[in-house]
Amino acid sequence: MDFEIWDAHVHLSGVPGATPEERAAALIRYADRLGVRRLCIFMGMRWKYDPSPEDFRRENDEVLRALDAFPDRLFGFVYLNPKHTDASLAELERCAASGPMVGIKLWVAERCNSPLLDPIVQRAIELRLVILQHTYLKATGNLPGESTPQDLAELAARHPQATFIAAHSGGGQWEIGIRTFRPYPNILAELCGFDPTSGVTEMAVRELGPERVLYGSDAGGRSFASQLAKVLDADIPLQAKRLILGENLKRILSPCLQAKGIPI
């Protein structure tokens, strides 16, 4: 089967290497074994749950170094902490408006239904950036700032012009997460970061349509192969697999890539 695979969710952590360049090279080496052509990377070699502006600037600098080393393979998403709104907006200008990054990564510092996110999302709309938001429903309970699928639904409803990627498809209880996203066409469900489970991709396609589902690996926390298996082994049409593995991500990144003159 001939697919052009684009991975929506890759980290510099969890892979060997003493520098961002070495870790990016390792990721690409592993990706090449599985035919993964493009990788969206974010967060640095070390991370914190609630990073200070100094922390996320350092992490973004590490990602920028990786992008410089492999511009034909990597896309960068700028890592922000909405608790530090002004610093996050300044970092957005540095890394995306004036730099090569094409998306935003938000993790667990602040729940994403907070109004603190509104100016960040508005600027993302202006810059044509996608926003990848960690979402999870944990049986043991979420972290204090960890967003649920319902939180992201609130944010997406406030900003219908923005494009959101729901990392982990809501995570944990993905059946609830996928159904939560159904009324919001500006949310795409991304499949990474939990064990391959029979039926998850089929449900996402059934509930959202194949145009709203994305492949992501969560490497180096997860393997490319285990996460590809969720799509390749799914009982869905070949064209749906092609969309999920690359075409959907290419489509939502294209406005920003074209504005920056980045070839695809």
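Structure first, text after, so check above.
Structural notes, computed from the coordinates.

Reading the values: the criteria
Residues numbered from 1 in each chain as written. Predicted model: local features only at pLDDT ≥ 70, side-chain atom pairs only at ≥ 80, totals over all residues. Heavy atoms only, no water. Buried < 20%, exposed > 50% of the residue type's maximum accessible area, 1.4 Å probe, protein only. Helix = DSSP H or I, 4+ residues; strand = E, 2+ residues; numbered from the N terminus. Contact = heavy atoms within 4.5 Å. Arc of directions from axis to C-beta. Polar contact = N/O pair within 3.5 Å; in protein donor to acceptor, adjacent residues only side chain to side chain. Core = buried A, V, L, I, M, F, W, Y, C linked by side-chain atoms within 4.5 Å. Pairing = 2+ DSSP bridges. Axes fitted to C-alpha atoms, helices over the stretch in contact; angles between N-to-C directions.

## Concerning helix α5 (residues 149-158)
Working step 1: Among all positions of α5, only Pro 149, Asp 151, Leu 152, Ala 153, Leu 155 and Ala 156 are buried.
Working step 2: Against α4 (118-127), β5 (130-134), β6 (164-167), α6 (174-181) and β7 (187-190) lie the buried residues of α5.

## Some details on helix α3 (residues 85-97)
Working step 1: For α3, the full list of buried residues reads Thr 85, Ser 88, Glu 91, Leu 92, Cys 95 and Ala 96. The buried residues of α3 occupy an angular sector of 120° when the element is viewed end-on, so they sit on one face.
Working step 2: Along its buried surface, α3 packs onto α2 (53-69), β3 (74-79), β4 (103-106), α4 and α9 (238-260).

## Things to note about the side chain of His 9
Working step 1: Relative to the assigned elements, His 9 resides in strand β1 (residues 5-11).
Working step 2: His 9 gets classed as buried once you look at its relative accessible area, which sits at 1%.
Working step 3: There is a polar contact of 3.2 Å between the side chain of His 9 and the side chain of His 11.
Working step 4: With residues up to four places along the chain from it excluded, the contact list for His 9 reads Cys 40, Phe 42, Lys 105, Leu 132, Ala 167, His 168, Glu 190, Cys 192, Gly 216, Ser 217, Asp 218 and Ala 219.

## Re the nonpolar core
Working step 1: Formed by 87 residues in total, the largest nonpolar core has its most connected members in Ile 104 and Leu 253.
Working step 2: Take this core: its biggest share by element is eight residues, from α9.
Working step 3: Leave out the neighbours within four places in its chain, and Leu 253 touches Trp 6, Cys 40, Phe 75, Phe 77, Val 102 and Val 130.

## Re the sheet that holds β7
Working step 1: With parallel pairing, eight strands are arranged side by side in an open sheet as β1-β2-β3-β4-β5-β6-β7-β8. For this open sheet the edge positions go to β1 and β8 (213-214), each flanked by a neighbour on one side alone.
Working step 2: Note that β1 and strand β2 (residues 36-42) share five bridges and pair parallel. Bridging from a neighbouring strand, His 11 pairs with Phe 42 of β2.
Working step 3: The strands touched by helix α1 (residues 20-34) are β1, β2 and β3; relative to β2, the strand with the most contacts, the crossing angle is about 145°.

Honestly, that's just the spatial picture; any functional story needs more than this.
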